[in-house]
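Summary of structural features
Chain by chain, the residues:
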Amino acid sequence: MLSKAMVDSLNKQIQLESYSSNLYLQMSAWAEIKGLEGCAAFLRAQAQDELAHMHRLFKYVYETGALPVLGTIKAPPTEYGSVSELFQKVSDHEQLITGKINGLMTLALGEKDHSTVNFLQWYVAEQHEEEHTMQKILDKIRNIGETGSGVYFIDRAIGMIAGGK
Ligand code: FEO
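The paragraphs below set out a description of the structure included in this document.

Another aspect to go through is the overall build of the chain. Helices and strands together make up the secondary structure of the chain, namely 5 helices and 0 strands. When its C-alpha atoms are laid out on the principal axes, the chain stretches across 55 × 25 × 25 Å. Counting every position in the chain, which comprises 165 residues, the buried fraction comes to 44%. For the chain, contacts bridging at least 24 residues in sequence account for 78% of all contacts bridging at least 6. Only carbon and sulfur atoms are counted for the fraction: they give 56% of the accessible area of the chain, which is about 8800 Å².

Quick look at the structure:
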């Protein structure tokens, strides 16, 4: 059985993962209408991953006998100035999520809630992966550059990362 503080914090994370899925799906629409099919495919795959993260938490909470709560999910932004701006925002958002997962882990450790510590390990590893992927994408964008046909090559490179997901 989880503490009330733990259930409330896990529910906040459920809401954040749902928002993340909506954020990336909305970003994919921006990429799609700019003709950036590779970026759009990557972002749609990210949106699916975030939905899976949400469901994993949702299941864990009800398996402990507590009630998962979806709550109200705010609307994500719709406009971006450039590919680099968009992916910088993805990277910033992933860092925010990592901070939240670390906060959950600190709470679980403090409460000696070993079941939740064990459950959260997967998210710790997943955040490491996601931050690494975003760093690779930001490096590619910086190395290729957005001038001339750069955006075309960036889109192709990011599409290849999406293909490997
Ligand atoms: Fe669910 Fe990208 O963290």
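What follows concerns the packing of aromatic side chains. What the rule picks out here adds up to 7 aromatic pairs. Considering the side-chain rings of phenylalanine 42 and phenylalanine 87, the 6.0 Å spacing of their centres and the 55 degrees angle between planes classify their relative orientation as tilted. Here phenylalanine 87 lies in helix H3 (residues 83–110) and phenylalanine 42 lies in helix H2 (residues 37–63), a separation of 45 residues in the sequence. With a relative accessible area of 0%, phenylalanine 42 lands in the buried category. Geometrically, the ring pair formed by phenylalanine 119 and tyrosine 123 is tilted, given 5.4 Å between the ring centres and 55 degrees between the ring planes. With phenylalanine 119 and tyrosine 123 both in helix H4 (residues 114–144) and 4 residues apart, this pair spans about one turn of that helix. Pair check on accessibility: phenylalanine 119 and tyrosine 123 agree, each one buried. One aromatic cluster in this structure is built from Tyr60, Phe119, Trp122 and Tyr123.

Its 31 residues place the ends of H4 45 Å apart at the C-alpha level, agreeing with the 45 Å of an ideal helix rising 1.5 Å per residue. With its phi angle positive at about 85 degrees, glycine 145 sits one or two positions after the end of H4.

Judged by side-chain polarity, Ile144, Tyr152 and Phe153 come together as a nonpolar surface patch covering roughly 300 Å² of accessible area. With respect to the helices and strands, phenylalanine 153 occurs in helix H5 (residues 150–163).

Moving on to unusual backbone geometry. Located in the positive-phi region is lysine 112, a residue other than glycine, with phi close to 55 degrees. With respect to the helices and strands, the residue lysine 112 is situated in the loop between H3 and H4. A residue is classified by how much of its surface remains accessible, and lysine 112, at 65% relative accessible area, is exposed.

Turning our attention to the nonpolar core. Among the nonpolar cores identified, the biggest contains 25 residues, and Phe42 and Phe87 are the most heavily contacted of them. Secondary-structure elements contributing two or more residues to this core are helix H1 (4–33), H2, H3, H4 and H5. When residues in this core are grouped by element, the largest group, 6 residues, is from H1. Filtering out sequence-adjacent residues up to four positions away, phenylalanine 87 remains in contact with Cys39, Phe42, Leu43, Met134, Ile137, Leu138, Ile141 and Ile158. In terms of nonpolar packing, the next biggest core, distinct from the first, is built from 20 residues, Leu2, Ile97, Ile101 and Tyr123 among them.

Rules and cut-offs
- Residues numbered from 1 in each chain as written.
- Predicted model: local features only at pLDDT ≥ 70, side-chain atom pairs only at ≥ 80, totals over all residues.
- Heavy atoms only, no water.
- Helix = DSSP H or I, 4+ residues; strand = E, 2+ residues; numbered from the N terminus.
- Buried < 20%, exposed > 50% of the residue type's maximum accessible area, 1.4 Å probe, protein only.
- Contact = heavy atoms within 4.5 Å.
- Areas by Shrake-Rupley, 256 points an atom, 1.4 Å probe, with all protein chains shown as cover.
- Phe/Tyr/Trp six-rings, centres within 6.5 Å; stacked < 30°, edge-to-face > 60°.
- Expected span 1.5 Å × (residues − 1).
- Patch = residues over 30% accessible without salt bridge, like charges linked within 9 Å, V, L, I, M, F, W, Y side chains within 5 Å.
- Salt bridge = Lys/Arg side-chain N within 4 Å of Asp/Glu carboxyl O.
- Core = buried A, V, L, I, M, F, W, Y, C linked by side-chain atoms within 4.5 Å.

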